[in-house]
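Topology and contacts: notes
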Amino acid sequence: METIRPYLSPTFDPHSLTIEIAQAAESLVNKVGVLEAPISYRDLEKMAAHRMIKQISKMKMNCGGSLIPIRGGFLVQLDSAQNERMTRTSFAHEIGHTFFYDTGRDVPRPIYWDTGGSRNVRAEEGLSWVAARTMLAPTQMLQGFLKQDESWPNIHGLLSLIRKFDVSPQIMIRRLQDLESEQPKVVGDAAIYSIHVSRTEGDGPRRITARTKVWKFGGMKKMIAYNMNGPNVKVDRSLTLMEGRSLSEPYETKEVLVRGELGQIPTARYRFGCSWEDRSNTNLLAMVSAVRRS
Ligand SMILES: [Zn+2]
């Protein structure tokens, strides 16, 4: 049974374990031989069995789930109020946590308590999410879909991946980011953004402001988060264009020339694709930007 290597020293950076944990999750997928998207609850149960999860119970909880070490393995508790997609997501996340335990004991213990290191719960959380999204969108399957989509990258392609794997936009976007850092060619020259939009009601026309998180893909230069401190022409225009659109109707611009005004994106032609995830008070907008270099 695989465990993730313990902290080597108090200064050890747990983020260096990212690739290791993604590979561990990937090998778990291979062990159960999952072939079809979406990864089902039943598929996850099989993966859980390989991780010594002996029991799964659903109950009312104030978080998505928890992993409890018991004699001979683990017990997973899942919040019964979650929908099917969230239940699978929480389940995958709890399976991810098992990689951080020494299972050679009667009752598993967090691995780096053994060496006297302190437990970096925050890093462990993030890494369990890396494992979860790898299980929910395994590399080979994702790669297969991207290869089939001749028009990738575009917003329709991103939405179709979200539907095929039945995961949240957040999970898919982060998953593509993981994949890009390992295999940039697979993801191609695309930048995928997730934008949190908040609305301000006032006397005048309703103002929308955006707080942007930016992730870099492909051959693009380093990008910084932008639009945090002021308006940004391209994003603001996209949001205005999106206002009249329905939840399910993605919007894609024709190629527009951007002169380096989006953070540190090099001056080039881009295509913007936008889609609302929901239009409640805090929305998530996903955008794919395709780059054509001259
Ligand atoms: Zn967790």
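Keep in mind the model is a prediction, meaning the values are calculated, not measured.

A few words now on the environment of Arg-175. For Arg-175, the location among the structural elements is in helix H8 (residues 169-182). Considered as a pair, Arg-175 and Val-130 are 45 residues apart in the sequence and their alpha carbons are 7.7 Å apart. Those residues within four positions of Arg-175 in sequence are excluded, and the remaining contacts are Arg-133 and Ala-137.

Direction of pairing for strand E1 (residues 53-59) relative to strand E3 (residues 73-79): parallel, over a ladder of six bridges. Following the sheet pairing, Lys-58 is matched in E3 by Leu-78. Relative to E3, strand E2 (residues 65-70) is paired through six bridges, and the arrangement is antiparallel. Paired with Ser-66 across the strands is Gln-77, a residue of E3. Hairpin connection of E2 to E3: two residues between the antiparallel strands, including Gly-72 at a positive phi of 80°.

The subject of this paragraph is the packing of helix H1 (residues 18-32) against helix H5 (residues 121-136). Packing of H1 against H5 leaves a shortest axis separation of 8 Å and a crossing angle of 35°. Remark: the crossing between H1 and H5 carries right-handed chirality. Contacts between H1 and H5 pair Thr-18, Ile-21, Ala-22, Ala-24, Ala-25, Glu-26, Leu-28 and Val-29 from the former with Leu-127, Val-130, Ala-131, Thr-134 and Met-135 from the latter. Classifying every residue of the contact of H1 with H5 by side-chain character gives 10 nonpolar, two polar and one charged.

Taken residue by residue, helix H2 (residues 41-50) has Asp-43, Leu-44, Met-47 and Ala-48 as its buried positions. For H2, the arc enclosing every buried residue in end-on projection is 140°, short of the 170-degree limit, so these residues lie on one face. In the segment just after H2, Met-52 is the residue with positive phi, at about 65°.

This part takes up the nonpolar core. One broad trend across soluble globular proteins is that nonpolar side chains are buried collectively. In terms of nonpolar packing, the biggest core is built from 52 residues, with Ile-21, Ile-95, Ala-131, Met-135, Leu-136 and Met-172 touching the most fellow members. When residues of this core are assigned to their parent elements, the largest contribution, seven residues, is made by H5. Residue assignment places this core across two domains, with domain 1 (14-136) and domain 2 (139-292) each supplying three or more. Beyond its immediate sequence surroundings of up to four residues, Ile-95 is in contact with Leu-44, Met-47, Ala-48, Arg-51, Ile-53, Ala-131 and Met-135.

Reading the values: rules and limits
- Residues numbered from 1 in each chain as written.
- Predicted model: local features only at pLDDT ≥ 70, side-chain atom pairs only at ≥ 80, totals over all residues.
- Helix = DSSP H or I, 4+ residues; strand = E, 2+ residues; numbered from the N terminus.
- Contact = placed C-beta atoms within 7 Å.
- Pairing = 2+ DSSP bridges.
- Axes fitted to C-alpha atoms, helices over the stretch in contact; angles between N-to-C directions.
- Left-handed = near helix turned anticlockwise from the far one by under 90°.
- Nonpolar A, V, L, I, M, F, W, Y, C, P; charged D, E, K, R; others polar.
- Buried ≥ 20, exposed ≤ 12 C-beta atoms within 10 Å, placed from the backbone.
- Arc of directions from axis to C-beta.
- Core = buried A, V, L, I, M, F, W, Y, C linked by C-beta atoms within 7 Å.
- Domains from an automatic or database assignment.

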